[in-house]
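As a plain string of letters, each chain reads:
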Amino acid sequence: MTLNNTCEPILKGQRALVTGASSGIGSAIAKALAMAGAKVVINYAGGADRAQAVVEAIQAGGGEAMAIRADVSREDEVEAMFAQTIATWGSIDILINNAGLQKDAPLVEMSLAEWQKVLDINLTGQFLCSRAAAREFLQRGVVPELSNVAGKIICISSVHDIIPWAGHVNYATSKGGVSMMMKTMAQELAPRRIRVNAISPGAIKTPINTAAWMTPEAEAELLKLIPARRVGEPDDIARATVWLASDDSDYVTGVTLYVDGGMTLYPGFDQGG
Ligand code: NAD
């Protein structure tokens with residue numbers, strides 16, 4: 001075993017792109033990657049001011065970042081975002097597929113538009129960004145001074161890639177799709193020195209799920225589903241992401257890391273069933 005006994009930041013010199021990085025988990029991941037030494041693209045779909053605030057927070061900490069607007073479900077906008085990133089920073093080393101949303105409705109009330117929108121952003125968006133990143137990783141190859149591999153892709157999924165979720169069939173289906181897409185990409189790209197993994201958060205305090213933890217009553221109900229008895233924070237996901245993006249996880253590909261306080265451990269059985 002060789003030990004890295006230098007004090008270099010673990011992602012020094014690498015270039016990362018985080019989709020949906022102007023809020024919640026994406027913002028925390030972007031800041032954590034920057035603290036680990038990466039330059040970071042803050043992708044956002046709307047609200048340039050919030051994206052700029054993340055850029056400025058990173059710059060204030062001595063890091064480097066830029067904001068790029070692109071709707072991840074639009075092929076032309078994704079292609080333009082990667083072209084701008086590569087033109088500015090020379091290449092890209094890390095993609096974090098984080099952008100996502102919910103449009104909840106019972107099955108019988110869900111419109112085709114609600115179904116399609118969630119699939120387009122949560123699943124097709126990850127496909128479009130992964131394809132663009134992989135093309136660049138493959139044409140550039142491994143740069144040993146930066147990383148052992150040509151690139152890393154991390155897909156932010158959800159515990160609902162394995163836990164069915166009544167009233168959210170579009171969301172749960174999109175995340176189930178992310179799981180199989182991630183494993184298939186990992187299998188296809190591993191021989192080409194690209195690692196692909198997923199992180200599946202449990203309940204994390206962000207704007208996507210405010211109603212689930214905003215009041216003490218709602219939070220108490222939510223905690224019944226979490227054996228660790230605390231709602232997660234964006235930094236819980238960010239720390240795991242930095243590890244998966246670094247060479248410390250060099251032999252890890254095609255896995256889903258559940259960062260969920262035990263939500264996937266059948267919490268209803270915690271008193272013996
Ligand atoms: P969030 O709403 O703060 O973040 C989602 C981000 O995606 C927002 O910044 C939004 O503007 C962006 N986005 C939406 N559509 C986009 C598009 N077309 N193009 C580019 N960006 C777009 O919520 P969050 O909780 O931080 O969610 C981040 C990811 O984590 C999502 O994929 C979500 O499904 C996943 N997740 C969250 C939780 C949780 O409990 N918060 C649990 C499991 C999974």
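Residues numbered from 1 in each chain as written. Predicted model: local features only at pLDDT ≥ 70, side-chain atom pairs only at ≥ 80, totals over all residues. Heavy atoms only, no water.

1. Let's talk about the packing of helix H1 (residues 24-35) against helix H7 (residues 234-245)
Step number 1: Direction vectors running N to C along H1 and H7 enclose 50°, while the axes themselves pass 8 Å from each other. With respect to H7, the axis of H1 lies oblique. As for how H1 packs across H7, the hand of that crossing is right-handed. Facing Gly 24, Ile 25, Ala 28, Ile 29, Ala 32 and Leu 33 of H1, the residues of H7 in contact are Pro 234, Asp 235, Ile 237, Ala 238, Thr 241, Val 242 and Ala 245.
Step number 2: Taken together, the residues of the contact of H1 with H7 break down into ten nonpolar, two polar and one charged. (Axes fitted to C-alpha atoms, helices over the stretch in contact; angles between N-to-C directions. Helix = DSSP H or I, 4+ residues; strand = E, 2+ residues; numbered from the N terminus. Parallel < 35°, antiparallel > 145°, perpendicular 65-115°, else oblique. Left-handed = near helix turned anticlockwise from the far one by under 90°. Contact = heavy atoms within 4.5 Å. Nonpolar A, V, L, I, M, F, W, Y, C, P; charged D, E, K, R; others polar.)

2. Focus on empty space enclosed by the protein
Rolled over the atoms, a probe with the dimensions of a water molecule shows which regions are left empty.
Step number 1: Under the counting rule described, the total for this entry stands at one cavity of 30 Å³ or more.
Step number 2: Every residue along the wall of the largest cavity is listed here: Gln 14, Asp 93, Arg 140, Val 143, Leu 146, Ser 147, Val 149, Ala 150, Gly 151 and Lys 152.
Step number 3: When its residues are assigned to classes, the lining of the largest cavity shows four nonpolar, three polar and three charged. (1 Å grid on protein atoms, 1.4 Å probe; cavity = no way out; pocket = protein on both sides within 12 Å on 5 of 7 lines; lining within 4 Å. Points joined across faces, edges and corners; volume = space filled by probe spheres on them.)

3. A word on the packing of aromatic side chains
Step number 1: A complete count under the given rule lists two aromatic pairs for this structure.
Step number 2: Residues Trp 165 and Tyr 171 carry aromatic rings whose centres are separated by 5.6 Å and whose planes lie at 70° to one another, so their mutual orientation is edge-to-face.
Step number 3: By relative accessible area, Trp 165 is classed as partly exposed at 29%.
Step number 4: Between Tyr 266 and Phe 269 the ring centres are 6.5 Å apart and the planes differ by 85°, which places this aromatic pair in the edge-to-face class. Grouping residues by exposure puts Tyr 266 and Phe 269 together as exposed. (Phe/Tyr/Trp six-rings, centres within 6.5 Å; stacked < 30°, edge-to-face > 60°. Buried < 20%, exposed > 50% of the residue type's maximum accessible area, 1.4 Å probe, protein only.)

4. Points about the side chain of Thr 19
Step number 1: Looking at the secondary structure, you find Thr 19 in the loop between strand S1 (15-18) and H1.
Step number 2: Looking at Thr 19, the relative accessible area reads 2%, which means it is buried.
Step number 3: Among the polar contacts listed, one links the side chain of Thr 19 to the backbone nitrogen of Asn 98, at a separation of 2.8 Å. (Polar contact = N/O pair within 3.5 Å; in protein donor to acceptor, adjacent residues only side chain to side chain.)

5. Some details on unusual backbone geometry
Leaving glycine aside, a negative phi is the common case for residues, and trans is the common case for peptide bonds.
Step number 1: The backbone phi angle of Arg 229 is positive, close to 55°, even though this residue is not glycine.
Step number 2: Relative to the elements of secondary structure, Arg 229 occurs in the loop between helix H6 (216-223) and H7.
Step number 3: Backbone geometry places Tyr 266, a non-glycine residue, at a positive phi of 50°.
Step number 4: Inspection of the secondary structure puts Tyr 266 in the segment after strand S7 (256-259).
Step number 5: Overall, the relative accessible area of 63% leaves Tyr 266 in the exposed class.

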